[in-house]
Number of protein chains: 4
Amino acid sequence: MYRGLDLAPPLFEVGPKAYLYGAGALELARAADRLSLEYDVRIVFTPQYVDIPLLAQETERLLIFAQHMDPIPVGPGAGSVLPESLVAAGAHGVMLNHSEKPIGLSHIRRAIERADEVGLATIVCADTPQEAAAVAQLAPNIILAEPPELIGSGGESVAGTDFVGLSKRMIKAVNPDIVLFSAAGIRSGPDVAQTIRLGAEMTGSTSGIIKADDPIAMLEEMIVALRQAWDETHPT
Amino acid sequence: MYRGLDLAPPLFEVGPKAYLYGAGALELARAADRLSLEYDVRIVFTPQYVDIPLLAQETERLLIFAQHMDPIPVGPGAGSVLPESLVAAGAHGVMLNHSEKPIGLSHIRRAIERADEVGLATIVCADTPQEAAAVAQLAPNIILAEPPELIGSGGESVAGTDFVGLSKRMIKAVNPDIVLFSAAGIRSGPDVAQTIRLGAEMTGSTSGIIKADDPIAMLEEMIVALRQAWDETHPT
Amino acid sequence: MYRGLDLAPPLFEVGPKAYLYGAGALELARAADRLSLEYDVRIVFTPQYVDIPLLAQETERLLIFAQHMDPIPVGPGAGSVLPESLVAAGAHGVMLNHSEKPIGLSHIRRAIERADEVGLATIVCADTPQEAAAVAQLAPNIILAEPPELIGSGGESVAGTDFVGLSKRMIKAVNPDIVLFSAAGIRSGPDVAQTIRLGAEMTGSTSGIIKADDPIAMLEEMIVALRQAWDETHPT
Amino acid sequence: MYRGLDLAPPLFEVGPKAYLYGAGALELARAADRLSLEYDVRIVFTPQYVDIPLLAQETERLLIFAQHMDPIPVGPGAGSVLPESLVAAGAHGVMLNHSEKPIGLSHIRRAIERADEVGLATIVCADTPQEAAAVAQLAPNIILAEPPELIGSGGESVAGTDFVGLSKRMIKAVNPDIVLFSAAGIRSGPDVAQTIRLGAEMTGSTSGIIKADDPIAMLEEMIVALRQAWDETHPT
């Protein structure tokens with residue numbers, strides 16, 4: 001677990017996947033950066049690899065994470081994503097094992113070790129609470145527990161009480177420092193609020209934002225909801 | 001086969017793989033760009049994904065190719081390399097099926113189709129003359145035929161006469177417009193010259209340059225040798 | 001191309017995939033064996049790996065092909081399918097690169113070489129006529145050209161005229177000894193007949209047989225149609 | 001965790017990988033079966049897929065495990081290993097995630113669930129104590145913790161004290177019912193004894209047996225050593 005980055009909840013991820021790139025990604029990233037400052041919510045943005053340098057340069061408080069990384073050392077490895085190249089490009093972290101890019105258990109473990117070594121925070125995806133507990137043994141910063149059948153779903157409710165609560169209990173039992181990220185099916189501010197009330201410390205959206213009539217307005221709706229739900233459930 | 005890029009031989013590839021990134025990649029790319037202009041040799045440079053935008057911006061005549069690409073459309077696909085993102089970042093082309101990043105036959109075919117569609121030239125790797133002929137049926141711009149056991153080898157001779165000549169005959173019989181790229185084990189100017197004399201239209205090096213005492217001097221030695229061997233074997 | 005097995009058309013494949021195994025696979029294999037003798041049609045049956053020995057032993061004229069194989073030599077390779085193990089178990093051949101089990105170009109080439117070496121015939125799958133021509137360069141015995149979007153489809157028509165005809169011309173231009181196998185969406189005797197009339201030398205079915213009310217009766221309907229369509233289009 | 005099979009330690013695995021098949025595998029399996037009865041040690045034998053039915057039929061007490069399995073349901077899945085087909089063939093269990101056949105975290109989890117469902121015991125491989133703890137969260141019957149750099153090594157000592165001890169503590173802390181299997185570099189009876197004294201409940205060998213001058217004599221030496229070391233360290 002990389003300790004060099006402040007990842008205090010509440011956190012939010014904007015995940016462009018392969019929907020946005022170039023100018024479109026930059027526009028959304030700038031809006032996210034502004035909202036991050038305005039509402040004091042740390043926002044992770046996971047662009048296409050080639051967009052990392054520009055987004056890192058053009059934003060102030062946004063956390064730029066790569067969508068994947070290979071656990072190789074400097075050397076051969078044509079076609080791979082070298083950890084050091086991400087750091088040099090300004091990335092703050094990396095997402096691993098998304099259900100659209102599954103990797104082996106050993107790949108996950110070695111990539112977390114490499115991330116710790118070069119200075120990148122890690123988000124590792126898990127399909128079930130059991131997988132989340134398994135991943136917790138490998139000490140990433142954040143675990144995204146989401147049922148793959150809900151990813152990209154429209155109109156489905158967010159992950160249910162049992163899924164979020166059980167994931168949280170199982171992760172924290174292994175390592176209480178790991179942040180629980182729960183998403184899948186987040187399409188509005190109320191979806192965000194519900195997920196936080198269920199116990200999640202981070203949530204996020206891809207198609208819920210990108211397919212909205214006004215993506216930036218929807219992002220703001222979600223960030224406002226996140227801030228409010230967090231403050232309600234975590235009174236000082 | 002993308003027709004929008006001038007790829008007239010002789011051509012040379014500098015392949016940083018995962019050896020170079022950031023400032024180190026930029027320095028070598030600038031030198032390659034200068035040599036490309038000075039010796040009128042088109043040079044393909046294949047950096048880490050995140051280095052594509054800066055190198056495209058900071059060079060004039062260098063051809064920037066990604067090391068890999070996924071044949072997906074705009075949409076989901078976390079962890080993938082979207083073709084449109086490469087174009088927007090300034091890439092001129094993409095390498096596919098390197099022996100360090102093997103992909104399925106259908107992946108190769110669809111990636112060439114996507115490259116043609118978005119405007120990227122393609123280099124596809126093949127292990128044997130037979131594989132080169134197979135790839136030729138899919139109409140990439142360039143085929144890199146190299147025996148995997150020689151990749152990264154030190155002190156080994158370049159691909160022998162039969163390998164280069166047979167690859168060339170088999171590729172050209174399928175599609176004479178495809179450029180034959182032959183490499184593996186290129187460690188000096190004389191290695192470059194020999195490969196060209198054997199019939200290759202493009203050659204290149206990774207470790208032969210990067211592990212040289214003076215990489216830029218070695219690159220210049222290779223480019224000089226390429227220009228001379230080409231002019232000798234292709235008198236006007 | 002392995003020459004030790006008589007693969008004169010017309011040919012038919014029964015593909016149990018992961019639908020049938022054990023006693024169910026044996027029952028269908030016995031019926032196929034009887035029909036093969038009765039109608040003088042060579043039938044390829046592709047069971048789960050563990051069912052190969054029993055089916056090879058309990059049938060007389062059926063051709064037993066594995067669904068996949070790894071191109072490794074005798075040695076390490078936990079979890080792989082060793083070519084020699086298939087021969088020892090009585091297999092006659094192997095299918096490679098099914099769209100449900102895609103493999104790299106080099107894997108295809110090396111698996112065909114290993115098959116030739118140990119004495120196994122090869123069926124290699126291709127998604128398009130171009131891929132079929134690419135595969136033809138690697139000299140398998142049979143190429144299964146089928147559009148993946150039709151595999152397992154119900155009610156869809158068989159591969160259209162252009163697809164079958166173009167695949168055949170492109171394969172035969174590379175190597176006239178390769179058998180054209182065309183399938184996908186075959187659900188009845190008339191589908192079989194149409195595919196043969198379009199020029200295919202082999203066809204087959206999985207779900208069209210297995211999901212039929214009476215699979216063995218459906219298989220017989222298909223074999224009868226194959227025999228008749230073949231004799232009509234190939235008068236002696 | 002499948003509870004239908006008695007897996008009380010001490011246990012031993014003979015892993016033919018892709019070294020042995022057919023008659024050679026059967027001969028070694030028969031010897032292992034005899035030694036299992038003679039020394040009251042349960043022996044797991046992991047043959048090539050096609051050899052499972054014959055070995056299951058020709059042995060009495062040997063535990064036959066497949067080398068890999070896909071977590072698919074009955075249905076499509078050409079080239080895959082269907083769980084139900086293994087059970088029908090007489091297999092008692094399955095090995096998963098060997099370093100020569102790495103699979104994704106979700107694949108491991110779903111394969112264990114499918115194994116529990118159809119009635120197969122599971123051995124899951126892990127490269128480090130941390131990975132072993134991760135796997136333990138998914139509740140297989142047995143975890144094989146071995147450093148990949150020692151697999152197939154000759155002359156190397158067995159996994160050191162820290163590796164075995166730490167793996168055991170980390171696995172048992174998650175689930176005390178899981179059996180710790182430690183191997184890699186086992187080449188003699190003394191290697192077996194040392195591994196058991198370090199705390200392993202199961203050990204095994206591939207090349208240590210197969211490359212021995214007399215494989216069956218070497219297997220007996222190892223089983224004798226296992227029995228003695230176990231009895232010494234577990235006095236009744």
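Look up a bit, the structure's there.
Procedures and definitions
Residues numbered from 1 in each chain as written. Chains lettered and ligands numbered in written order. Predicted model: local features only at pLDDT ≥ 70, side-chain atom pairs only at ≥ 80, totals over all residues. Heavy atoms only, no water. Helix = DSSP H or I, 4+ residues; strand = E, 2+ residues; numbered from the N terminus. Rg over C-alpha atoms; globule rule 2.2 N^0.38 Å. Buried < 20%, exposed > 50% of the residue type's maximum accessible area, 1.4 Å probe, protein only. Contact = heavy atoms within 4.5 Å. Areas by Shrake-Rupley, 256 points an atom, 1.4 Å probe, with all protein chains shown as cover. Core = buried A, V, L, I, M, F, W, Y, C linked by side-chain atoms within 4.5 Å. Axes fitted to C-alpha atoms, helices over the stretch in contact; angles between N-to-C directions. Parallel < 35°, antiparallel > 145°, perpendicular 65-115°, else oblique. Left-handed = near helix turned anticlockwise from the far one by under 90°. Least-squares fit on C-alpha atoms with pLDDT ≥ 70 in both. Pairing = 2+ DSSP bridges. Expected span 1.5 Å × (residues − 1). Buried area = accessible area lost by both parts, 1.4 Å probe. Salt bridge = Lys/Arg side-chain N within 4 Å of Asp/Glu carboxyl O. Polar contact = N/O pair within 3.5 Å; in protein donor to acceptor, adjacent residues only side chain to side chain. Nonpolar A, V, L, I, M, F, W, Y, C, P; charged D, E, K, R; others polar. Phe/Tyr/Trp six-rings, centres within 6.5 Å; stacked < 30°, edge-to-face > 60°.

Caption draft 1: A look at the overall build of chain A. Helices and strands together make up the secondary structure of chain A, namely nine helices and eight strands. Here the C-alpha atoms of chain A give a radius of gyration of 16 Å, agreeing with the 18 Å that 2.2 N^0.38 yields for 236 residues. When its C-alpha atoms are laid out on the principal axes, chain A stretches across 50 × 40 × 35 Å. Counting every position in chain A, which comprises 236 residues, the buried fraction comes to 67%. Considering only intrachain contacts with a sequence separation of at least 6, the fraction spanning at least 24 residues in chain A is 68%. Total accessible area on chain A stands at roughly 7,900 Å², and carbon and sulfur atoms take up 49% of it.

Caption draft 2: Region of interest: the nonpolar core. With 332 residues, the main nonpolar core has F12 of chain A, F12 and L86 of chain B, F12 and L86 of chain C together with F12 and L86 of chain D as its most contacted residues. Excluding anything up to four places from it in sequence, L86 of chain B contacts V50 of chain A together with I52, A66, H68, M69, V81, A91, V94 and L120 of chain B.

Caption draft 3: Layout of the packing of helix α5 (residues 129-136) of chain B against helix α4 (residues 105-118) of chain C. For the pair α5 of chain B and α4 of chain C, the least separation of the axes is 10 Å and the interaxial angle reads 130 degrees. The angle between the axes of α5 of chain B and α4 of chain C places the two elements in the oblique class. Two packed elements cross with a definite hand, and for α5 of chain B against α4 of chain C that hand is right-handed. Each of E131, A134 and V135 of chain B in α5 of chain B lies in contact with α4 of chain C, whose residues at this interface are L105, S106 and R109 of chain C.

Caption draft 4: Highlighting the relation of the copies chain C and chain B. Overlaying chain C with chain B gives an RMSD of 0.0 Å, the required rotation being 180 degrees about an axis along which the chain moves by 0.0 Å. The symmetry that links the two subunits is that of a two-fold axis. Mapped onto chain B, 100% of the interface residues of chain C again fall at the interface, so both copies present the same surface.

Caption draft 5: Quick peek at the pairing of strand β8 (residues 202-205) of chain D. All names here are of chain D. Every second residue of β8 is oriented toward a common face, with M202 and G204 on one face and T203 and S205 on the other, all of them buried. Where strand β1 (residues 11-14) lies against β8, four bridges are found, and the strand directions are parallel. Counted as the bridge partner of L11 is M202 from β8.

Caption draft 6: Structural context of helix α1 (residues 22-39) of chain C. Given a rise of 1.5 Å per residue, 18 residues ought to cover 26 Å, and the 26 Å separating the end C-alpha atoms of α1 of chain C matches this to within 8%. Among the residues of α1 of chain C, G22, A25, L26, L28, A29, A31, A32, D33, L35, S36 and Y39 of chain C are the ones counted as buried. Those residues of α1 of chain C that are buried are in contact with β1 (11-14), β2 (42-45), α2 (52-58), α8 (207-210) and α9 (215-233) of chain C together with α3 (83-88) of chain D. In the segment just after α1 of chain C, D40 of chain C is the residue with positive phi, at about 50 degrees.

Caption draft 7: Quick look at the relation of the copies chain A and chain B. Overlaying chain A with chain B gives an RMSD of 0.0 Å, the required rotation being 180 degrees about an axis along which the chain moves by 0.0 Å. The overlap is high: 100% of the interface residues of chain A also sit at the interface in chain B, so the same surface is used on both sides.

Caption draft 8: Just the interface of chain C and chain B, in detail. Taken together, the contacts link 18 residues of chain C with 18 residues of chain B. Of the roughly 1,300 Å² buried where chain C meets chain B, counting both sides, 63% is carbon and sulfur surface. The largest contributions to the chain C side of the interface with chain B come from L105, E131 and Q137 of chain C, which together make up 43% of the buried area. Run the count over chain C and chain B and you get four salt bridges. For the salt bridge of E131 of chain B with R109 of chain C, the shortest nitrogen-to-oxygen distance reads 2.7 Å. Among the secondary structure elements, those contributing two or more residues to the side of chain C that touches chain B are α4, α5 (129-136) and α6 (161-174) of chain C. In terms of residues, the side of chain C that touches chain B owes the most to one element, α5 of chain C, which gives five residues.

Caption draft 9: Fine view of the interface of chain A and chain B. With 29 residues of chain A in contact, the opposing surface of chain B contributes 30 residues. For the pair chain A and chain B, the summed buried area comes to about 2,600 Å², and 64% of that belongs to carbon and sulfur atoms. Of all residues in chain A, Y21, V50 and A78 of chain A bury the most surface against chain B, accounting for 24% of the area lost on that side. Run the count over chain A and chain B and you get zero salt bridges. Where chain A packs against chain B, one counts 18 residue pairs in polar contact (both at pLDDT 80 or more). Those elements that provide at least two residues to the side of chain A that touches chain B are α2 (52-58) and α3 (83-88) of chain A. No other element matches α3 of chain A, which puts four residues into the side of chain A that touches chain B. Looking at the side of chain A that touches chain B residue by residue, the classes come out as 16 nonpolar, nine polar and four charged.

Caption draft 10: Spotlight on the arrangement of the chains. The two units chain A and chain C remain apart, with a minimum C-alpha distance of 15 Å. Kept free of each other, chain B and chain D leave a smallest C-alpha distance of 15 Å between them.

Caption draft 11: A look at the pattern of salt bridges. Under the criterion given, the structure shown has 52 salt bridges over all chains. For D177 of chain B, the salt bridge is made with R3 of chain B, and the minimal N-O distance between the two is 3.2 Å. A residue pair is termed long-range when its members are at least 10 positions apart, and D177 of chain B in the loop between α6 (161-174) and β7 (179-182) and R3 of chain B in the segment before β1 (11-14) qualify at 174 residues. Residue D177 of chain B is classed as partly exposed on the basis of its relative accessible area, which comes to 42%. Among the residues examined, R3 of chain B registers a relative accessible area of 60% and is labelled exposed. R61 of chain B is paired through a salt bridge with D40 of chain B; the nearest N and O atoms lie 3.5 Å apart. In this pair, R61 of chain B is assigned in the loop between α2 (52-58) and β3 (63-66) and D40 of chain B in the loop between α1 (22-39) and β2 (42-45), connecting sequence segments 21 residues apart. Owing to a relative accessible area of 48%, D40 of chain B belongs among the partly exposed residues under this scheme. Residues joined by salt bridges that share partners form a network here, namely R109 and E113 of chain A together with D127 and E131 of chain D.

Caption draft 12: Representation of the pairing of strand β6 (residues 142-145) of chain C in the model. Residues and elements named next belong to chain C. Burial along β6 is two-sided: I142 and L144 and I143 and A145, pointing in opposite directions, are all buried. Note that strand β5 (residues 121-126) and β6 share four bridges and pair parallel. The residue of β6 that forms the bridge with A126 is A145. Pairing of β6 with strand β7 (residues 179-182) involves four bridges; the strand directions are parallel. In the strand pairing of β7, A145 is matched with S182.

Caption draft 13: Region of interest: the packing of aromatic side chains. In the structure shown here, the tally under the stated rule is two aromatic pairs over all chains. Aromatic side chains Y49 of chain A and Y49 of chain B sit 5.3 Å apart centroid to centroid with 20 degrees between the ring planes, which places their arrangement in the stacked category. Pair noted here: Y49 of chain A is in the loop between β2 (42-45) and α2 and Y49 of chain B is in the loop between β2 and α2, and the two residues belong to different chains. You'll find Y49 of chain A and Y49 of chain B in the same group, each marked buried.

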